[in-house]
Structures are given as C-alpha cells and as structure tokens.
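# Fold and contact review
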Amino acid sequence: MSFDSARAYRLHPQVALRPEPFGALAYHYGNRKLVFLRAPELVELVRELDQHPSADEALAGLPEARRTAFRKALASLSGSGMITETTHD
Amino acid sequence: MTEALTVQLKAGLDAPICLTWELTYSCNLACIHCLSSSGRRDPNELSTAEAMAVIDELAAMSVFYVNVGGGEPTIRPDFFELLDYSVAKGVGVKFSTNGSRIGHTEAARLAGTDYVDVQISVDGATAETNDRVRGEGSFAVARRAMDNLAGAGFGPFKISAVMTRHNVPELDGLAELADGYGAELRLTRLRPSGRGVDSWAELHPTQDQQRELYHWLLERPGVLTGDSFFHLSALGESLPGLNLCGAGRVVCLIDPVGDVYACPFVLHPEFRAGSVRDPGGFESVWRTSELFAGLRQPASAGACASCGSYDACQGGCMAAKFFTGLPLDGPDPECVFGHGADALATVAAGTVPSPGPGHSKPVRLSLSRRR
Ligand code: SF4
Ligand code: SF4
C-alpha cells in the first residue's frame, strides 16, 4: 500500500528507536531493516505520529521548508514498513 | 541532515550497530581461513552468568541484535539458554554455524523462536570446493543442517560464503543453492586474519575475479554482503551499503573471554580496546576506550590521497592492511588498481604482525588438500 499523507500513521509496533547524536536509528524486529533517522525533528515527528488524525496534520506543525523533505521521509519509512497505517475498527 | 551519513558514522555511535560476539573458540572444524584461529575452548571463557550480564548491558544500550559466532557457538552447552535469554531481552540473535549441531530438534526449536537468524557457512557450491577449505565432509554436514531448517519450516535462513579464488567460479552455483532453499545468500570478503594470515596469499581472489565479483554483485542487490566489499566500489558505481571501515565506529567484537576488539578481523593486542570484565563493562569500553576514540578521529588518506576513487573505496580494509604489513593509511592489499600488490612487494619479511598463538588445535588434522 503506498503512502497517503491524508491518512493516519504510527510507528510499527515491532520497531525500536535508539537515540543517536544525529537523530536516531530505527530497527524493525520483523523485517530486520535498519534505518537512519537523520534529524531530531524527524524522530519526534515519527514518535508522535499516532497522536495526529493524519500524517498531513502531524506535518502541519513543521516549518514549510521542512515539510516536503519530511513527507518524503515518511513515505520512505512507510515503504520499509517502519511506520504503518493506523487501522480503525 | 546536513553532514553526509558516513561523516556522522565515522564519529561513532552511542552503541554499535554491528556487534559480533564470538561465544567460544571451541570448534569441531579447522577451516584454513578461520578468522579467530579457533579449535580449542579457552578455559577462561565467559561463564553463563557473565554472558547474561553482557546481554543485560546490550539490552540497556539498545543494541538491536548481535552477530553470534565463534568457533562453533552451538558447542557451548548453554547456547540455547543464552539465545532465549537474549531474545527475551529484545536483543535479536543472528548466529553463524557450520551446521554440525543443527539436527531436527534444534531446527524445530529455532523455527519456534522469534528474532533469531541462522547463517550456515559453506565456502563453495560443491563439496569439493568447500571441503578443501572447511575440511572433509563439512559440505554434507552443512547441507543436512539446511535440509533440517527447511524441513522445520524455519523460513529464509542465510547461506554464507567467504569468497576465495576457488569459489568465485561458483557464484551462480551458490545463488542456485540458496534459491533452492528459499534462503538468502550472503557473501563476505576473505581477510588475512587468524589462520587466514597463512592462507590468504593462496586463497584471495585474483584481480580478474574481483572484477567479476563486483559486476555480479551490482546485478544482484539482493545478495547480502555485510558491506564487506566496499574496496570494489573503486571500480565505478558504488555497491549498495555503507562504504566505510566501521571498526570501533559502528563495528566491534566481543571475544569468548570478554575482550573487546575494534572488529572481528583484528584479533591482535593492538586493536584490543578493553574487556567486558573491566569495572565499567562493555558500555564503558565502547564509549570511553582510547583506541576507539582514536579510530573515530578523521583518518588520513596517506598514499591513497591522490587516488580519484578514494571517496568510494576509503583505502579499503584496515585489518587486511594490518595483517599483510601494509601501512594503515595506504592502499588495501586488494586495491583494484593494483597499488596494494605493489606495496606488498616492498613489505620486508619478518615485519608482518603475527596473529598470535590463537586457539588452533595443537595437531592440526590435514583436512584439506592444500597444495
Ligand atoms: S577493519 Fe576491515 S573488516 Fe574490520 S570493520 Fe574495517 S573494513 Fe571491516
Ligand atoms: S589507491 Fe587506495 S583509494 Fe584508490 S582504489 Fe586503491 S585502495 Fe582504494
């Protein structure tokens, strides 16, 4: 499923984040992928993703200049399974 | 997001990404290129309690997984106990084995454990090629372990080969072997470490084979390499992965007696950073050792400075240079432009560092047909 920023996302429950000087490392215990999150603001965005009704609204709090880059980062994180769409039942 | 990732990684991380832990020097085989000169168990090996304390520390540092090796790690009577303990603490286990102890029971047990990856070592796609390096009968043993894992429904395990002059012609055969099991293929570079110091000269791939391997890998980005062939990136397009020597920066080794080294291929006093038995434990070795602090400083390119490929190749592998007697700030012995071979010719006999006594069995059985 491709990334749709109008939908709600959250960190995949099998993903662990480890703070590092440059941001954080994210490791997915399920698919064994390791990803570098190379900005502290991106780490914060990812951590708090589930508190927003959509990825767009989570991005809205960021300065315009960073929004595009971070939207791309989220798309790539969704592609590697690090973040996943929140399903409501 | 300004600095290049490699620049940030070179300065070191709060915890390693690629931590190898050799659980024992004991091994039932005597591969002629063994990086740790394994054979005999070291009587000073970490106890079960000490090993568990190390796992506790790794968990606290958020080390996501450890690469467990040896020797043959499954020889330790507490192997499964440590594996379960580690997984329960959230430290995944990726372990390498020669397969000799992966019977039906063990395969079923592994299939039922999350966060464990198994890597079976073979050094060729045929018994003939494999056994000349790993010993008579070792290919059949590895195949039986693969059959057992497949039979137990383990899922995609890994088949791991160290590339040598003899098995480069079998690259396609190795890929077929892996495909036949639905396994992942992992190829790594032969380094002159441990018993490999003696066998490297006759085993390492030729220049032509290095090119062949480079092109083969470029076409198959799905083949795992542990980023070990980055010296080949000097040939053109970079291979996928991190192009840098991670020793002491993102890589390190804990040996069976708890000594911490910069990387699995530099088991030598010069690259020993400390011990997990020291008062501050592993964490303090990783974060405060002088050796690691030095390795995290920007390195000089030395004789490679004038090479247009330095950005891609970074001068290659520190271990390979060290154990062939080359300066650490010059070309890799397998420099694709031949500068290493030229430099090797000038290394004076007797000046090459010795890998030390190691743990080879006193009388090495002649398992291989060495010419
Ligand atoms: S010394 Fe060689 S094997 Fe060790 S981390 Fe550096 S490049 Fe890799
Ligand atoms: S001269 Fe040095 S940097 Fe250039 S390809 Fe050879 S080893 Fe790599």
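Residues numbered from 1 in each chain as written. Chains lettered and ligands numbered in written order. Predicted model: local features only at pLDDT ≥ 70, side-chain atom pairs only at ≥ 80, totals over all residues. Heavy atoms only, no water.

## Remarks on the nonpolar core
Formed by 97 residues in total, the largest nonpolar core has its most connected members in B:Phe95, B:Leu110, B:Ile159, B:Leu187 and B:Phe282. The residues contacting B:Leu110, other than those within four sequence positions of it, are B:Phe80, B:Leu83, B:Phe95, B:Ile102, B:Val116, B:Val118, B:Leu149 and B:Phe154. (Core = buried A, V, L, I, M, F, W, Y, C linked by side-chain atoms within 4.5 Å. Buried < 20%, exposed > 50% of the residue type's maximum accessible area, 1.4 Å probe, protein only. Contact = heavy atoms within 4.5 Å.)

## Here we look at the environment of A:Gly81
Residues and elements named next belong to chain A. Note on placement: Gly 81 falls in the loop between α3 (64-79) and β5 (83-85). In this structure the C-alpha to C-alpha distance between Gly 81 and Gln 14, which are 67 residues apart in sequence, comes to 9.7 Å. In contact with Gly 81, other than residues within four places in its own chain, are His 12, Val 15, His 28 and Asn 31. (Helix = DSSP H or I, 4+ residues; strand = E, 2+ residues; numbered from the N terminus.)

## Observations concerning the side chain of B:Lys321
Structurally, B:Lys321 can be placed in helix α13 (residues 318-322). Aside from chain neighbours lying at most four places away, what touches B:Lys321 is B:Gly315, B:Gly316, B:Leu326, B:Pro327, B:Leu328, B:Gly330, B:Pro331, B:Asp332 and B:Pro333.

## Quick notes on the site of ligand 2
Around ligand 2, the surrounding shell consists of B:Ala234, B:Cys304, B:Cys307, B:Tyr310, B:Cys313, B:Gly315, B:Pro331, B:Asp332, B:Cys335, B:Phe337 and B:His339. When grouped by side-chain class, the residues that make up the shell around ligand 2 number 8 nonpolar, 2 polar and 1 charged. (Near = heavy atom within 4 Å. Nonpolar A, V, L, I, M, F, W, Y, C, P; charged D, E, K, R; others polar.)

## Concerning unusual backbone geometry
Residues and elements named next belong to chain B. Along the chain, Gly 70 connects to Gly 71 via a cis peptide bond; the corresponding omega equals 20°. With respect to the secondary-structure elements, Gly 71 resides in the loop between β2 (65-70) and α3 (79-88). Backbone geometry at Tyr 115 places phi at a positive 60°, although glycine is not the residue there. When its relative accessible area of 23% is taken as the criterion, Tyr 115 is described as partly exposed.

## Comments concerning the packing of helix α1 (residues 40-47) of chain A against α3(A)
All names here are of chain A. Between α1 and α3, the shortest axis-to-axis distance is 11 Å and the interhelical angle comes to 55°. The angle between the axes of α1 and α3 places the two elements in the oblique class. Here α1 and α3 pass one another in a crossing that is right-handed. Residues Glu 41, Leu 42, Leu 45 and Val 46 of α1 lie in contact with α3, whose contacting residues are Arg 66, Phe 70, Ala 73, Leu 74 and Leu 77. For the contact of α1 with α3, the class distribution of residues is 7 nonpolar, no polar and 2 charged. (Axes fitted to C-alpha atoms, helices over the stretch in contact; angles between N-to-C directions. Parallel < 35°, antiparallel > 145°, perpendicular 65-115°, else oblique. Left-handed = near helix turned anticlockwise from the far one by under 90°.)

## Some words on the packing of aromatic side chains
Applying the stated criterion to the full structure yields 14 aromatic pairs over all chains. Where A:Phe22 meets A:Phe36, the ring centres are 6.0 Å apart and the plane angle is 45°; that geometry is what we call tilted. Of this pair, A:Phe22 sits in the loop between β2 (15-20) and β3 (23-28) while A:Phe36 sits in strand β4 (residues 34-37), placing them 14 residues apart in sequence. With 5.0 Å between their ring centres and 75° between their planes, B:Phe322 and B:Phe323 make a pair best called edge-to-face. The two residues B:Phe322 and B:Phe323 agree in class, both being buried. Site record: aromatic cluster; members linked through ring pairs are A:Tyr27, A:Tyr29, B:Phe64, B:Tyr65 and B:Tyr115. Residue placement shows A:Arg18 over the ring face of B:Phe64; its charged tip is 5.4 Å from the ring centre. Here the guanidinium or amino end of B:Arg191 rests over the ring plane of B:Phe265, the centre of that ring lying 4.2 Å away. (Phe/Tyr/Trp six-rings, centres within 6.5 Å; stacked < 30°, edge-to-face > 60°. Lys NZ or Arg CZ within 6 Å of the ring centre and 35° of its normal.)

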